[in-house]
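Observations on the three-dimensional arrangement
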Amino acid sequence: MSSADQPAIRITDLAKTYESAGQRKRALDGVTFDVPRGQIFGLLGPNGAGKSTLINILAGLVVKSSGSAEIWGFDIDRHPRNAKRSIGIVPQEILFDPFFTPREALEIQAGLYGVPKPERITDALLDAVRLTDKAHAYARTLSGGMKRRLLVAKAMVHSPPILVLDEPTAGVDIELRQQLWDYVRGLNRQGVTVVLTTHYLEEAEELCDRIAIINHGRLIANEPTRALIAKAQDKAVVVEVDRDLDSAPGNECFEKIELTGPRTLEIIYHKDKVNAGEVLAALQRAGLGIVDVSTRDPDLEDVFLSLTREVAA
Ligand SMILES: Nc1ncnc2c1ncn2[C@@H]1O[C@H](COP(=O)(O)OP(=O)(O)OP(=O)(O)O)[C@@H](O)[C@H]1O
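Report on the accompanying structure.

Criteria and thresholds
- Residues numbered from 1 in each chain as written.
- Predicted model: local features only at pLDDT ≥ 70, side-chain atom pairs only at ≥ 80, totals over all residues.
- Buried ≥ 20, exposed ≤ 12 C-beta atoms within 10 Å, placed from the backbone.
- Helix = DSSP H or I, 4+ residues; strand = E, 2+ residues; numbered from the N terminus.
- Arc of directions from axis to C-beta.
- Contact = placed C-beta atoms within 7 Å.
- Near = placed C-beta within 6 Å.
- Nonpolar A, V, L, I, M, F, W, Y, C, P; charged D, E, K, R; others polar.
- Core = buried A, V, L, I, M, F, W, Y, C linked by C-beta atoms within 7 Å.
- Pairing = 2+ DSSP bridges.

Moving on, we come to helix H3 (residues 102–112). Along H3, the positions that sit buried rather than exposed are Pro 102, Leu 106, Gln 109 and Ala 110. With its buried residues spanning 100° around the axis, H3 presents them on a single face. Taken together, the buried residues of H3 touch helix H4 (122–128) and helix H5 (144–155). A positive phi of about 70° marks Gly 114, the residue just after H3.

The local shell around the ligand consists of Tyr 18, Ser 20, Lys 25, Ala 27, Gly 45, Asn 47, Gly 48, Ala 49, Gly 50, Lys 51, Ser 52 and Thr 53. At the level of elements, strand E1 (9–20), strand E2 (23–35) and helix H1 (51–59) are the ones that each hand at least two residues to the shell around the ligand. For the shell around the ligand, the leading source of residues is H1, giving three residues. Of the residues in the shell around the ligand, the class split is three nonpolar, seven polar and two charged.

Glancing now at the nonpolar core. Counting residues in each nonpolar core, the largest one holds 59 residues, and the members touching the most others are Leu 58, Ile 71, Ile 162 and Val 164. The biggest single contributor to this core is H5, with five residues. Those residues in contact with Ile 162, other than ones at most four positions away along the chain, are Ala 8, Ile 9, Ile 71, Trp 72, Ser 86, Ile 87, Thr 193 and Val 195.

Before going further, it helps to spend a moment on the pairing of E1. Residues in a regular strand project their side chains so that they alternate between the two faces of the sheet. Examined bridge by bridge, E1 and strand E4 (residues 66–71) share five bridges and lie antiparallel to one another. When the bridges of E4 are listed, Ile 11 appears paired with Ala 69.

Next up on the list: unusual backbone geometry. Negative phi is the rule for most residues except glycine; trans is the rule for most peptide bonds. Of note in this structure, Asp 13 is not a glycine but carries a positive phi near 50°. Counting through the fold element by element, Asp 13 comes out in strand E1. Given 13 C-beta atoms within a 10 Å radius, Asp 13 is considered partly exposed. Although it is not a glycine, Ala 21 adopts a positive phi angle of roughly 50°. One can find Ala 21 in the loop between E1 and E2. Taking the C-beta count within 10 Å as the criterion, Ala 21 has 4 such neighbours and is therefore assigned exposed.

Next up on the list: the sheet that holds strand E5 (residues 74–75). The four strands lie next to each other as E2-E1-E4-E5, forming an open sheet whose pairing is antiparallel. In the strand order of this sheet, the two ends are held by E2 and E5, each with one partner. Inspection of the sheet shows E4 paired to E5 by two bridges, in the antiparallel sense. Bridged to Glu 70 within E5 is Asp 75.

These values are about where atoms sit, not about what they do.
Following this line, the structure appears as structure tokens:
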């Protein structure tokens, strides 16, 4: 395999169990996937799914229990320095020394990575994240958005080929979010592989070439974005019926049916297999009178449901 064909990141059977105060928590359970070079790759999952654990293993901040990970062809155990130099990580939390200016923060970070002074790109980075006019301001005087942009710049001081953003837009306003994405897209056009974690399907849908979904420490999807979104074409309908029910009636046109109240049924159906009329007709054939109907758009949870159903089938 030539290096150009190698994945940017290769994760193989990665597992992590946290142990504290006699409690064991399996945060990652045999996760395997590649992040192809040159892509914007989304790692999605609900809170607690294991995304930060995975990113922190790559960053060298959490020690894995088993399995392996390679960053730009460097195994994180055998070549930790090269692996670390190949990746820039924008953490979830904003943590700075409040007394450093953005310029100083970037210079210090470049020093930590051993970037020689003539090779530093401090001014270009400040310009890229639009902080040139704040270069000499104390970090504590920056707005939340500016701090986040500074974090992105800090992750890029050593010009890594891979940039990882961990929940970059949590608590970020729409304008800043767009600016951040413009910058990330620009980096990607210049050849930087981008990995972002999020629990927003729309965000991943807008930006990512490929999306992997992690749930309860397991990988449940890893597909080009368009293919994954097609799976989100399940529809949900909530139906109020005319009497109390003990259980939900079954029908082959329902992907899933659930009794969510004494008279309320929530039904998931594939819109390319049946339409809402057929779903309601099936309920009427089961002898139920329909009092009210409402629909809701599918969300990430529905994608999870349809994916976990597939895994179980
Ligand atoms: N240091 C730790 N000790 C014990 N359990 C932990 C530790 N860190 C994480 N966990 C647990 O491991 C699981 C995965 O957590 P992780 O932070 O990786 O999830 P996440 O997908 O990043 O979620 P979030 O989006 O909320 O950050 C959770 O159940 C969490 O409570």
